[in-house]
Number of protein chains: 2
Amino acid sequence: MAKDTYHHGNLRAALLNAALNALKDEPPAKLSLRQLAGCLGVSANAPYAHFASKDDLLDALRREGFVELKSEMADALAVAGSGRSVELAALGRAYLRFGREKPHLYALMFAEGPVPSEATASAATDSFALLRQTVEGLGTDPDLAHFAWALVHGLVTLDAAGQLEPLGAAPIEDLAPRLAQILIGTR
Amino acid sequence: MAKDTYHHGNLRAALLNAALNALKDEPPAKLSLRQLAGCLGVSANAPYAHFASKDDLLDALRREGFVELKSEMADALAVAGSGRSVELAALGRAYLRFGREKPHLYALMFAEGPVPSEATASAATDSFALLRQTVEGLGTDPDLAHFAWALVHGLVTLDAAGQLEPLGAAPIEDLAPRLAQILIGTR
DNA sequence: ACCTGAACACCGTTCAAGT
DNA sequence: ACCTGAACACCGTTCAAGT
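Since the structure is predicted, the reported quantities are computational estimates derived from the model, not experimental observations. (Residues numbered from 1 in each chain as written. Chains lettered and ligands numbered in written order. Predicted model: local features only at pLDDT ≥ 70, side-chain atom pairs only at ≥ 80, totals over all residues. Heavy atoms only, no water.)

**Student:** How should the protein's contact with DNA strand C be read in this particular structure?
**Tutor:** S43(A), N45(A), H50(A), R34(B) and N45(B) are the nearest of the 20 residues found near DNA strand C. Taking all atoms of DNA strand C within 4 Å of the protein, the share assigned to sugar and phosphate is 48%. One nitrogen or oxygen atom from the side chain of Q35(B) is found 2.9 Å from a phosphate oxygen belonging to DNA strand C. Contact between DNA strand C and Y48(B): a phosphate oxygen at 2.8 Å from a side-chain N or O atom of the residue. Considering each element in turn, the surface near DNA strand C owes the most residues, three residues, to helix α2 (residues 33-39) of chain B. Here the surface near DNA strand C is composed, by residue class, of nine nonpolar, eight polar and three charged. (Near = heavy atom within 4 Å. Polar contact = N/O pair within 3.5 Å; in protein donor to acceptor, adjacent residues only side chain to side chain. Helix = DSSP H or I, 4+ residues; strand = E, 2+ residues; numbered from the N terminus. Nonpolar A, V, L, I, M, F, W, Y, C, P; charged D, E, K, R; others polar.)

**Student:** Is there a simple way to think about the protein's contact with DNA strand D in this case?
**Tutor:** Contacts to DNA strand D come from 20 residues, most closely from R34(A), N45(A), S43(B), N45(B) and H50(B). Backbone atoms, meaning sugar and phosphate, make up 47% of the atoms of DNA strand D lying within 4 Å of the protein. Interatomic distance of 2.6 Å between a side-chain N/O atom of H50(B) and a phosphate oxygen of DNA strand D. Among the elements that make up the surface near DNA strand D, the one with the highest residue count is helix α2 (residues 33-39) of chain A (three residues). The residue makeup of the surface near DNA strand D, split by class, is nine nonpolar, eight polar and three charged.

**Student:** Would you explain the UniProt feature "domain: HTH tetR-type" (unreviewed entry) in chain A in this entry?
**Tutor:** Using the residue numbers shown here, the UniProt feature "domain: HTH tetR-type" (unreviewed entry) corresponds to residues 9-69 of chain A. For residues 9-69 of chain A, the end-to-end C-alpha separation is 29 Å, with 57% helix and 0% strand making up the annotated structure. (UniProt positions renumbered as here; feature names shortened; annotations may be inferred.)

**Student:** I'm lost on the side chain of R62(A) in this one. Help?
**Tutor:** Tracing the backbone through its elements, the reader meets R62(A) in helix α3 (residues 54-79). Not counting the four nearest positions on each side in its chain, R62(A) is found in contact with L108(A), M109(A), A111(A), P114(A), P116(A) and T120(A). (Contact = heavy atoms within 4.5 Å.)

**Student:** Where do I start with the UniProt feature "DNA-binding region" (unreviewed entry) in chain A in this structure?
**Tutor:** As annotated by UniProt and renumbered to match this structure, "DNA-binding region" (unreviewed entry) occupies residues 32-51 of chain A. Secondary structure over residues 32-51 of chain A splits into 35% helix and 0% strand, and the C-alpha atoms at its two ends are 14 Å apart.

**Student:** When you look at the packing of aromatic side chains in this model, what are you seeing that I'm missing?
**Tutor:** In the structure shown here, the tally under the stated rule is ten aromatic pairs over all chains. Ring geometry for F66(A) against F110(A): centres 5.5 Å apart, planes inclined by 75°, an arrangement best described as edge-to-face. With a gap of 44 residues between them, F66(A) in helix α3 and F110(A) in the loop between α5 (103-109) and α6 (118-135) connect regions that are remote in the sequence. For the pair F66(A) and F110(A), one class covers both residues: buried. A ring pair is formed by Y106(B) and F110(B), whose centres lie 4.8 Å apart and whose planes are at 35°; its orientation type is tilted. Considered together, Y106(B) and F110(B) belong to a single accessibility category, that of buried residues. (Phe/Tyr/Trp six-rings, centres within 6.5 Å; stacked < 30°, edge-to-face > 60°. Buried < 20%, exposed > 50% of the residue type's maximum accessible area, 1.4 Å probe, protein only.)

**Student:** Could you clarify how one ought to interpret the interface of chain A and chain B in this entry?
**Tutor:** Often, the extent of an interface is quoted as the loss of accessible area on bringing the components together. At the interface, 34 residues of chain A touch 34 residues of chain B. Here chain A and chain B share four salt bridges between them. Where D143(B) meets R178(A), a salt bridge forms, and the shortest distance between an N and an O atom there is 3.0 Å. The interface formed by chain A and chain B includes six residue pairs in polar contact (both at pLDDT 80 or more). Elements represented by at least two residues in the side of chain A that touches chain B include exactly α5, α7 (144-160) and α8 (176-184) of chain A. Among the elements that line the side of chain A that touches chain B, the one with the most residues is α7(A), at eleven residues. Split into classes, the residues belonging to the side of chain A that touches chain B amount to 21 nonpolar, eight polar and five charged. (Salt bridge = Lys/Arg side-chain N within 4 Å of Asp/Glu carboxyl O.)

**Student:** Could you clarify how one ought to interpret the pattern of salt bridges in this entry?
**Tutor:** In a structure, side chains of opposite charge can pair up when their charged atoms sit close to one another. Going through the model one piece at a time under the given rule, you end up with twelve salt bridges over all chains. Note that D174(A) is salt-bridged to R93(A), the shortest N-O span being 3.2 Å. A residue pair is termed long-range when its members are at least 10 positions apart, and D174(A) in the loop between α7 and α8 and R93(A) in helix α4 (residues 84-101) qualify at 81 residues. As a salt-bridge pair, K102(B) and E68(B) come within 2.3 Å of each other at their nearest N and O atoms. Here the residue K102(B) occupies a position in the loop between α4 (84-101) and α5 (103-109), and E68(B) occupies one in helix α3 (residues 54-79), the gap between them amounting to 34 residues. Judged by its relative accessible area of 25%, E68(B) falls in the partly exposed class. One connected set of salt bridges, linked through shared partners, spans D141(A), D143(A) and R178(B).

**Student:** Sorry if this is basic, but what is going on with the nonpolar core here?
**Tutor:** Generally speaking, a soluble globular protein has its nonpolar side chains buried in company with each other. L57(A), L61(A), Y95(A), L57(B), L61(B) and Y95(B) are the most contacted members of the largest nonpolar core, which totals 120 residues. L57(B) has contacts with L15(B), L16(B), A19(B), L33(B) and F51(B), leaving out every residue within four places of it along the chain. (Core = buried A, V, L, I, M, F, W, Y, C linked by side-chain atoms within 4.5 Å.)

Shown next, in the form of structure tokens:
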């Protein structure tokens, strides 16, 4: 049954899974295609039957990351109370938690090296759209959604770089209500 | 003189200079110690006479980056008019311009891989201190300086990732006055 | 269609040795 | 003190070949 048909069924999914797993422990720069293949008991270039290059595999990982991020934001929005402030805080909290819990995947998603595929770029746009809709009409500045994005993105990456330690031991997603406060401008 | 004493005088400075130069064209991930040495006409492991490892050289580059960032922020503050809002905008403008003009050096400065040396960590703290002092007492939130930092940091890295293109063709440092507006809360 | 084996051109790093 | 040459254990990727 589909198990060990050739070597172990579905190498493509196994590679993505193994890579995602490796990203729990190490930054994307440490990911090695040969090592991934070795862990799955397959030859060094077997991956090339499923991915055009290492960058192609990384692009698929990135896409998965954006899809997951959007899904978690949508879930948070669904259970949040109504009112712009609490919606915004819920969205920010989901975003910050995703970034804190998966710092290496998050870093890969925003890495600057290779140009993302069209599919990955649109997954990124889709996840940002959720934030843009919630922020829409909140302030007078039409770019407020971008500033909101920069704020959470900056917090996630500064936290990953260890520059937010002076803020104390609380997880960064607890900052979400204060971010909403700043963006809305009520003080 | 002091030229070509052994091979060409000061290999350490030449390596840092060549690396800084390479960062103008390519991301830090592409930096190769062997290639740097080759460009300077020196053997592949000559760098190890001056740096303990590749990470050690990268750490020195990072430190230089933070020192330069602080210096440019200090210069901007010196020529700025008085008043919290214009000071903050001047500081933000200097930060954003640095990040936009040297995206690869900036990315290296905040890379997550190796733990920064104590000297580099304190250079980072020093550059942040400038921002903290300017923001101090501006709002009721004691963490406002961190939010300000996250905001500019987020804008620089989103811009480097190509996610800020919808904002138009203007360089991101033009956003500085609006950032100050948001942080101060006058609208 | 999916995988192996051998090879190529790279890496960072170490070690012995030269001046 | 500063550098070279040869070597080791890795990389990503390609090519011919196997089933």
